[in-house]
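# Results of the structural survey
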Amino acid sequence: MKKTLFYFQKIKNFFHLINALLANCWYGFPSKKITMVGVTGTDGKTTTTELIAHILKKNKKNVSYISTVSARIADKEYDTGFHVTTPNPWLIQKLIKEAVEKKQNYFILETTSHALDQNRVWGVDYYIGVLTNVTHEHLDYHLNYKNYVKAKEKLLKMAKIGVLNVFDKSYSLLSQKSKDKSQNYNSKVKIIDHFSSLTAFNKLNYLAAYRVCRILGLSDKQIFEGMKSFKLPKGRLDIVYDKEFKIIIDFAHTPNAFLKLLPEIRRKYLKDNGRLIHIFGAAGLRDDKKRSVMGEVAGKYGDVLILTEEDYRTENFYKICEQIEYGLLKQKFVKKSYNLINQNDKKIYTIIKNRQEAINFAIKIARKNDVLVLTGKGHEKSLCRGTKEHPWDEYKAVEIGLKKRKN
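Owing to the predicted nature of the structure, the values given are computational and were not obtained by experimental measurement. (Residues numbered from 1 in each chain as written. Predicted model: local features only at pLDDT ≥ 70, side-chain atom pairs only at ≥ 80, totals over all residues. Heavy atoms only, no water.)

## Considerations on the pattern of salt bridges
Inspection of the entire model under this criterion finds 23 salt bridges. In this structure, Lys154 and Asp117 form a salt bridge, with 3.6 Å as the shortest nitrogen-oxygen distance. One end of the pair, Lys154, is in helix 6 (residues 145-158); the other, Asp117, is in helix 4 (residues 113-117), and 37 residues separate them in sequence. The partly exposed category is assigned to Lys154, whose relative accessible area is 32%. What emerges from the salt-bridge pattern is a single network uniting Arg275, Arg367 and Asp370. (Salt bridge = Lys/Arg side-chain N within 4 Å of Asp/Glu carboxyl O. Helix = DSSP H or I, 4+ residues; strand = E, 2+ residues; numbered from the N terminus. Buried < 20%, exposed > 50% of the residue type's maximum accessible area, 1.4 Å probe, protein only.)

## Quick word on the packing of helix 2 (residues 45-58) against helix 9 (residues 200-215)
Axis separation between helix 2 and helix 9 bottoms out at 9 Å; the angle between their running directions is 45°. Our classification of the angle between helix 2 and helix 9 gives oblique. Note that helix 2 runs across helix 9; the crossing there is right-handed. Side by side, helix 2 and helix 9 meet where Thr47, Thr48, Leu51, Ile52 and Ile55 of the first sit next to Asn202, Asn205, Tyr206, Ala208, Ala209, Val212 and Cys213 of the second. A breakdown of the residues in the contact of helix 2 with helix 9 according to their chemical character gives eight nonpolar, four polar and no charged. (Axes fitted to C-alpha atoms, helices over the stretch in contact; angles between N-to-C directions. Parallel < 35°, antiparallel > 145°, perpendicular 65-115°, else oblique. Left-handed = near helix turned anticlockwise from the far one by under 90°. Contact = heavy atoms within 4.5 Å. Nonpolar A, V, L, I, M, F, W, Y, C, P; charged D, E, K, R; others polar.)

## Digging into the state of the cysteines
Applying the stated criterion across every chain yields a total of zero disulfides. The structure places no disulfide on Cys384, whose sulfur is separated from the nearest cysteine sulfur, that of Cys321, by 16 Å. Using a relative accessible area of 7% as the deciding quantity, one classes Cys384 as buried. (Disulfide = S-S within 2.5 Å.)

## Some thoughts on the packing of aromatic side chains
For the coordinates displayed, the defined rule picks out nine aromatic pairs. An angle of 70° between the planes, with centres 6.3 Å apart, marks the rings of Tyr27 and Trp90 as edge-to-face. Here Trp90 lies in helix 3 (residues 89-101) and Tyr27 lies in helix 1 (residues 2-27), a separation of 63 residues in the sequence. Aromatic side chains Phe29 and Trp122 sit 6.5 Å apart centroid to centroid with 65° between the ring planes, which places their arrangement in the edge-to-face category. Separated by 93 residues along the polypeptide, Phe29 in the loop between helix 1 and strand 1 (35-40) and Trp122 in the loop between helix 4 and strand 6 (126-131) bring together distant segments of the chain. On the accessibility criterion, Trp122 (34% relative accessible area) is partly exposed. Clustering of aromatic rings is evident, with ring pairs tying together Tyr312, Phe317 and Tyr318. Directly above the ring of Tyr145 sits Lys169, whose terminal nitrogen or CZ lies 4.6 Å from the centroid. (Phe/Tyr/Trp six-rings, centres within 6.5 Å; stacked < 30°, edge-to-face > 60°. Lys NZ or Arg CZ within 6 Å of the ring centre and 35° of its normal.)

## What to know about a nonpolar patch on the surface
Side chains of Phe14, Ile18 and Leu22 sit close together on the surface and give an oily, nonpolar patch of about 280 Å² of accessible area. On the secondary structure map, Ile18 appears in helix 1. Judged by its relative accessible area of 34%, Ile18 is partly exposed. (Patch = residues over 30% accessible without salt bridge, like charges linked within 9 Å, V, L, I, M, F, W, Y side chains within 5 Å. Areas by Shrake-Rupley, 256 points an atom, 1.4 Å probe, with all protein chains shown as cover.)

## Side note on the nonpolar core
With 34 residues, the main nonpolar core has Val37, Ile52, Ile108, Ile128, Val130, Ile191 and Met227 as its most contacted residues. Secondary structure elements with two or more residues in this core: strand 1, helix 2, strand 2 (63-66), strand 5 (106-110), strand 6, strand 7 (161-164), helix 9 and helix 10 (220-228). Of all the elements, helix 9 adds the most residues to this core, at eight residues. Setting aside residues up to four positions removed in sequence, Val37 forms contacts with Ile52, Phe107, Ile108, Leu109, Tyr126, Ile128, Val130, Val212 and Leu216. In this structure, Phe258, Ala298, Val371 and Val373 belong to the second largest nonpolar core, which totals 30 residues. (Core = buried A, V, L, I, M, F, W, Y, C linked by side-chain atoms within 4.5 Å.)

## Description of the sheet that holds strand 6
Taken together, the eight strands give an open sheet; going across it, the order is 4-3-2-5-1-6-7-8, and neighbouring strands pair in mixed fashion. Each of the sheet's edge strands pairs with one partner strand only, and the pair in question is strand 4 (76-78) and strand 8 (182-184). For this sheet, the mean inter-axis angle between neighbouring strands, taken without regard to orientation, is 20°. Taken strand by strand, helix 6 contacts strand 1, strand 6 and strand 7, and its axis lies near 150° from that of strand 6. (Pairing = 2+ DSSP bridges.)

## Here's the deal with the sheet that holds strand 12 (residues 304-307)
Sheet strands pair by backbone hydrogen bonding; their relative direction is either parallel or antiparallel. The sheet built from seven strands is open, its strands ordered 9-10-15-11-12-14-13 with mixed pairing. Whereas interior strands pair on both sides, the edge strands pair on one side only; in this sheet they are strand 9 (238-242) and strand 13 (334-335). Sheet topology note: the strand 9/strand 10 (residues 246-250) ladder contains four bridges and is antiparallel. Its bridge partner being in strand 10, Ile239 is matched across the sheet by Ile248. Of the strands in this sheet, strand 9, strand 10 and strand 15 (371-375) touch helix 15 (residues 394-406), which is tilted by about 160° from strand 10.

Right under this line is the structure:
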């Protein structure tokens, strides 16, 4: 079975390569006419992509970009589709050519390991390649961590200059060739002195953006001035309600993202006897090995956990929850029927399949000083149930939950 899947993937990759070649030829290899910056990594790539673009734009540079959240070519915004970060080769080349035609000087392209491995970005002439980190994710596709790192490293090999995170464990697995032509994040840059409210994980994203902008010729003053007006992308540590309790929406959907996000929320926002109420799930037909680890991390930092849907696709929703529960049990969490949960409960979890109902319930039981964290969906506009995409808006779901609490 594995051998069949291996050969199927090889054929699929060859198909993408042919399409990338044709797309480049059709649009005239447009990336050779613009300064391309690629950003890859498990976590932080969207923030880093949009931060680089923002700094350049604030310094009157003509810049376009494609991120998980959106594609902006000059002053026009495009929807990049459902659950997609790096688009197909034809759309990539089309948008780069459009940027060239609109006299853009820079193009920042968020680049996934899948896009790199599948040859979807073949022919893109990267000037700088950034690797933010490589943590537990997509091992259903890459099979092991080493393969995952090597897929990410392709960006560094394609680029003329690499920007590396020496603080990440992936650094030791990168080839010397990639390291020799790369510049590292500089921990001596006093980013935190300029932006004291930064979370620890965003400090690294800011360091990456700083290094890129320095390579592109901007001064420290220009960079820091640009950073001051930057707002995190939609669905990244987004406080959407802040009255008697807080509600935060974040796209976090990996063990590492949980590990970075949840303790920061406890440190910055929880006070007195407030509880961290976490609503989350895990995607179906994706890396199932991460699920128990996500449960363990969520259990370490959360007080009340509500397991719910997150694009379960054709997998059994309750089987996904069982895998998350293995990690919760390690943290001594107790399962409790949601109709028996009260406002004083801690170290308990429940399962509510429908995400809207889960959010409604979390808001219903919230008390003064609690912090509700909704992870996994962020900016996305659909929920995949079975084989169909259903319209979804995490922000509207919160509004609905708040209205129901008042009634």
